[in-house]
Structure formats: C-alpha cells, structure tokens
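Structural overview for review
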Amino acid sequence: MINLSKRKKEIFGLILIVFSILTIISLIGHDSTINPHGVSLEEQAKNTLGRLGVWVSYYHFITLGYLSIAFPIIFSIIGYTMVANREISTIVRPVFYIFIVLIYLSILMGLIGYLSNNNVFDKYLTGILGQSLFVFINHHLGLFGTLVFLLISFIVIVTGIFEITIQDFFVKFFSILK
C-alpha cells in the first residue's frame, strides 16, 4: 500500500470530495438530448457545469444509468475517510457492498425493462454495464434461471451486509410471514 503523509491524504481526499460534488451536479443537470459528440459547443455550454458536465453525465448514464450516482458517493466516502485521517481499510467492506448492490440493481433494472418491454430502462436505468450483464445472464440461464440467480444473489448480498447466516435469514424471513 502506498504510504502518504497526512497532508497528502487530506489534499487527495479533498480532491475526491470536490470531484464527487461536481459529478453529482453534472448528473443532476443531465439532459439526455445533449450528446457530447453531436451537439454544438454552445448547446453543451447550457449544462450546469458546461462541457465537463455534459461529458461526465453522458458517460455515467451510458455506463450505469441513474445508478451511476453511487460512484460519486463512493468517492466522497473515500475522500472523507482520507480527510478524517482514518484507515482506508475501515471502508473497504461498505464500499464493496455499495458496488455490489449497484451492479445487482443494474441487472435487476435490465430484467424489469425486459419484462415490461420498456425502452426507458435500457436508456436511463441500466446503462451498458447492467444491460450487458443482464443479457449475458439471461442468454445463458434463460428467464427462470435469471430470476433464480437474482434471488440467490439477493439472499447472499443481504446476509453479507447484515452479517447473518443464510439459515438466520430464512428463519427471520419465515417468522415475518407467519
């Protein structure tokens, strides 16, 4: 691991936090009609953050759709940890689970879009990553297999986040149903 002085950690953490804030602003100001490759510079300048906002929001939405908001959140958590001079190892687990939930929700949105035959899910909610993962899983497992995969993944994720055994999960789940 790279050893950084306290001052360098604070500066890098601040840069991450500022980058996260700018990314969130660009995502909030996203206009799906503005494509950085086919729109004039004057049109791009109408974005809250100008051309930078257009490029950042466009590639975030292309990659993961609205769920890409998790990336600036992850970066801000890492930045805060560095500014507060805490060990990065303390946030590895939460960041890992945020990323896993992000991927899971992206695949789930792909499934919902597939079942509802709704193009909005493809464009805004899943992004290329979620749609590609859904298509891959659905192609190899079929619809029923994809549903089972997502159900098992949900159970594994929930039991991992709450640090309970799968048996405890089912005991609590069936006690709620009674």
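Residues numbered from 1 in each chain as written. Predicted model: local features only at pLDDT ≥ 70, side-chain atom pairs only at ≥ 80, totals over all residues. Heavy atoms only, no water.

1. A look at the overall build of the protein chain
In terms of regular secondary structure, the protein chain is built from seven helices and zero strands. Listed by position from the N terminus, the elements making up the protein chain come as α-α-α-α-α-α-α. Principal axes of the C-alpha set define a box for the protein chain whose edges measure 55 × 45 × 30 Å. Going through the 178 residues of the protein chain one by one, you find that 33% of them count as buried. Pairs at least 24 apart in sequence give 62% of the contacts found in the protein chain among residues at least 6 apart. (Helix = DSSP H or I, 4+ residues; strand = E, 2+ residues; numbered from the N terminus. Buried < 20%, exposed > 50% of the residue type's maximum accessible area, 1.4 Å probe, protein only. Contact = heavy atoms within 4.5 Å.)

2. A few points about the environment of F61
Mapped onto the elements, F61 comes out in helix 3 (residues 50–64). In this structure, the C-alpha to C-alpha distance between F61 and I152, residues 91 residues apart in sequence, is 27 Å.

3. Focus on the packing of aromatic side chains
What the rule picks out here adds up to 12 aromatic pairs. Ring plane angle 55° and centroid distance 6.3 Å describe the contact between F71 and F99, whose orientation is recorded as tilted. On the criterion of sequence distance, the pair formed by F71 in helix 4 (residues 70–83) and F99 in helix 5 (residues 92–116) is long-range, its members being 28 residues apart. Put simply, the rings of F169, F170, F173 and F174 pair up and form one aromatic cluster. (Phe/Tyr/Trp six-rings, centres within 6.5 Å; stacked < 30°, edge-to-face > 60°.)

4. So, the environment of H37
With respect to the element layout, H37 can be found in the loop between helix 1 (6–28) and helix 2 (41–44). By relative accessible area, H37 is classed as exposed at 52%. C-alpha separation for the pair H37 and W55, spaced 18 residues apart in sequence, amounts to 9.1 Å. For H37, the contacting residues outside a window of four places in its chain are W55, Y58 and Y59.

5. Quick look at a nonpolar patch on the surface
Residues F144, V148, I152, V156, I166, F170, F173, F174 and L177 make up a contiguous nonpolar surface patch of roughly 860 Å² in combined accessible area. Where the nonpolar patch is concerned, the elements lending two or more residues are helix 6 (119–161) and helix 7 (166–177). Residue contributions to the nonpolar patch peak at five residues, all from helix 7. Inspection of the secondary structure puts F170 in helix 7. (Patch = residues over 30% accessible without salt bridge, like charges linked within 9 Å, V, L, I, M, F, W, Y side chains within 5 Å. Areas by Shrake-Rupley, 256 points an atom, 1.4 Å probe, with all protein chains shown as cover. Salt bridge = Lys/Arg side-chain N within 4 Å of Asp/Glu carboxyl O.)

6. Examining unusual backbone geometry
One non-glycine residue, N85, adopts positive backbone phi at about 60°. Here N85 is to be found in the loop between helix 4 and helix 5. By relative accessible area, N85 is classed as partly exposed at 37%. One non-glycine residue with positive phi stands out, namely E163, at about 50°. Here E163 lies in the loop between helix 6 and helix 7. Relative accessible area serves as the criterion here: at 61%, E163 is assigned to the exposed category.

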